[in-house]
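Breakdown of the fold
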Amino acid sequence: MSGPMSRRISRVLIVEPYADLRAEIAATLRREHYTCDAVASADHATIQLSRNAYAYVVVDLEVIGGDLVSALDPSSRVILLTDNDSEPIEGADSTLQKPFSREELIARFTS
Amino acid sequence: MSAEDLSRRVLIVAPIGRDAELMCTHLEAAGLQCGVCADIDEVCREIDRGIGALLFTQEALLPNVAPRLARTLDKQPAWSDIPIIILTGLPSLETKSESFGPLGRRTNVTFVDRPVRIQSLVSATQSALRARERQYQIHELMVKLEDRVHERDRFLAILGHELRNPLGAILLASQMRDDDGRLDGEHAQLIERQSKHLSRLVNDLLDLSRVVSGKIVLKRQVIDLAEALRQSFETMSDAAARQKVTIEVKHSEVPLPVNVDPMRAAQVITNVIGNAIKYTPEGGHIVVCLEREGDQALVRVTDDGVGIAENRIGTIFELFAQAENAIGRAQGGMGIGLALVRTLLELHEGTISAKSDGVGKGSEFVVTFPIASEPAVTVAESPRPAAAHDGQPRRIVVVEDNHDVRDLLRLKLRRLGHEVDAVSDGHAGVKAIVERRPDLALVDIGLPGLDGYEVAAQVRRTIGQDVVLVAVSGFGQPEDKRRAIDAGFDEHITKPADVSDIENLLSRLPPRHDGV
């Protein structure tokens, strides 16, 4: 299978400490037919990364650290959630400044 | 020697020890602090340390000394311009300036001809030290201003950070509409929860700002502390149920009369219990204990929650402390609440302290208020908001210039079965109220054309008391409410207006007889 359908069975890991934002990111992506795992901390993210292969990792900039970076699969696309218009961050495939709309989020998955 | 002492000291530099000693004796006799030195290296070190002034004899300024001295002085920070007095033996100022090369061109150099009278020497030295003291005062002021700028920048950075997460959640949730444009309950609840969180944040910030600028006036009365606890418990029991933590209250066996502003005392207790709920995971327990210890009434709030790391205990009452702690951030805590509590308690001559055996081991907060010498008066229970209006349809005029707020109010009130006219400026507002004679008019204060106060005044002049006028304003300070009442409003509610506020208002309207 190729094209949009193959993308839609992709698995996404969401690492965001703010509970309500985490829940809404997951709900938004699930509506787009992505399979989502959502966790609050780098420790939980590392456990999830050891269990599953993720096509996308959406991660808050403040959570990301050495252990999490080394646990990432190089083939995963990393979408970094930031607080400000920072310069492109090394290792991130794209950044997304909070607050972001559904369209901005989805665009990171199709671009 | 401290930097402050050093800055009040004059250093005498003279090659002949006897001259230096003599000058030192006279200056000390006039109450000035001085030291003697003949070595340029030591002089440069004293300059770097922040000496108050330098007093040279001309013969001490050998050809190699003046340039070296000038280089050292040039390295001083911009605010520092050490006064230098040079005792000369030459006749004209022009010649003197040239002879001292780079040093003579410095603006803060005073030449004094010899032979010099003692009084002149003392007076020149005093002036130099006073000038230096002013430099230090200005420097201190600059440092304070810089600190304030840094504090403001830090505040804005934290505020921005704290607004982004709730706004992000609200934005995404608001876009989770189904094909018919409806939001399901879960997302609508999230929007409501996060909006309330943002409202609380704004209220806390405004409160803190009012406390800091001394604008909070306590309306004190002697009440039993149990009354303040009862009021805050009413507020917090829902939050505890939502978080699935239990709260046990242990009342004191003796009365606890305290002379407090009841609303502020309840706010303090609500904040401390709210903090315990926030940091106690599902299934946890909180015990609130009222007790008397000597001449103090205590509220002891103990929880078995996440606890506090030893190195953070000392800073948790500082502004934004929680914003710099990962757990606090995840819970949406900006660290205003406990800072506000401490400040409110200081106004009441009370205290707050915290202890914890460490992370994961729970924590205990103790609030104290001084016991009052008189017994408590009974506080009448505040009227409880009506659960809903009586169902009777009403005629309502909404005067609001913000398109979204106006439409939302119109929609909500129509859903409740009322007949609603909504207009967007003050002139249209007066016209609509006078013509429609509604039961209730909700009037924004900051309106184009006529402001809300003028709308109320004109309506009262035209139709008298034949309508209930309610000011809906972003400004919720007591003086704003007073101004609204003075202008002719019956009530004042602060934005964002909650549906329950409006339902409560409607329930208090006299019944209609003509029908809508």
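The coordinates are above.
Residues numbered from 1 in each chain as written. Chains lettered and ligands numbered in written order. Predicted model: local features only at pLDDT ≥ 70, side-chain atom pairs only at ≥ 80, totals over all residues.

1. Side note on the pairing of strand 15 (residues 440–444) of chain B
In regular strands, side chains alternate between the two faces of the sheet. All names here are of chain B. Counted residue by residue, strand 15 has 5 buried out of 5 residues, so it is predominantly covered. Relative to strand 15, strand 13 (residues 395–399) runs parallel, the two being bridged by 4 bridges. Bridge pairing in strand 15 places I396 opposite L440. As paired strands, strand 15 and strand 16 (residues 468–473) are joined by 5 bridges and run parallel to one another. Within strand 16, the position partnered with L440 by the bridge is V468. (Buried ≥ 20, exposed ≤ 12 C-beta atoms within 10 Å, placed from the backbone. Helix = DSSP H or I, 4+ residues; strand = E, 2+ residues; numbered from the N terminus. Pairing = 2+ DSSP bridges.)

2. Observations regarding the environment of Q76(B)
Residue and element names in this part refer to chain B. Mapping Q76 onto the fold places it in the loop between helix 4 (65–74) and strand 4 (84–88). Judged by C-beta crowding, with 13 C-beta atoms within 10 Å, Q76 ranks as partly exposed. Along the sequence, Q76 and D48 sit 28 residues apart, while their C-alpha atoms lie 7.3 Å from each other.

3. Remarks on helix 2 (residues 17–29) of chain B
Residue and element names in this part refer to chain B. Taking 1.5 Å as the rise per residue, helix 2 with 13 residues should run 18 Å; its terminal C-alpha atoms sit 18 Å apart, in good agreement. Listed as buried for helix 2 are A20, M23 and L27. The buried residues of helix 2 occupy an angular sector of 70° when the element is viewed end-on, so they sit on one face. Along helix 2, the residues that are exposed and aim more than 90 degrees away from the buried face are G17, R18, T25, E28 and A29. (Expected span 1.5 Å × (residues − 1). Arc of directions from axis to C-beta.)

4. What to know about the pairing of strand 1 (residues 11–15) of chain A
Residue and element names in this part refer to chain A. Within strand 1, 4 of the 5 residues are buried, leaving the element largely enclosed by the surrounding structure. Where the polypeptide runs from strand 1 across helix 2 (residues 19–31) and back to strand 2 (residues 35–39), its parallel neighbour, the crossover connection is right-handed. Pairing analysis gives 4 bridges linking strand 1 to strand 3 (residues 56–60), with the strands arranged parallel. For L13, the partnering residue across the bridge sits in strand 3 and is V57. (Right-handed = clockwise from strand over helix to strand, strands pointing away.)

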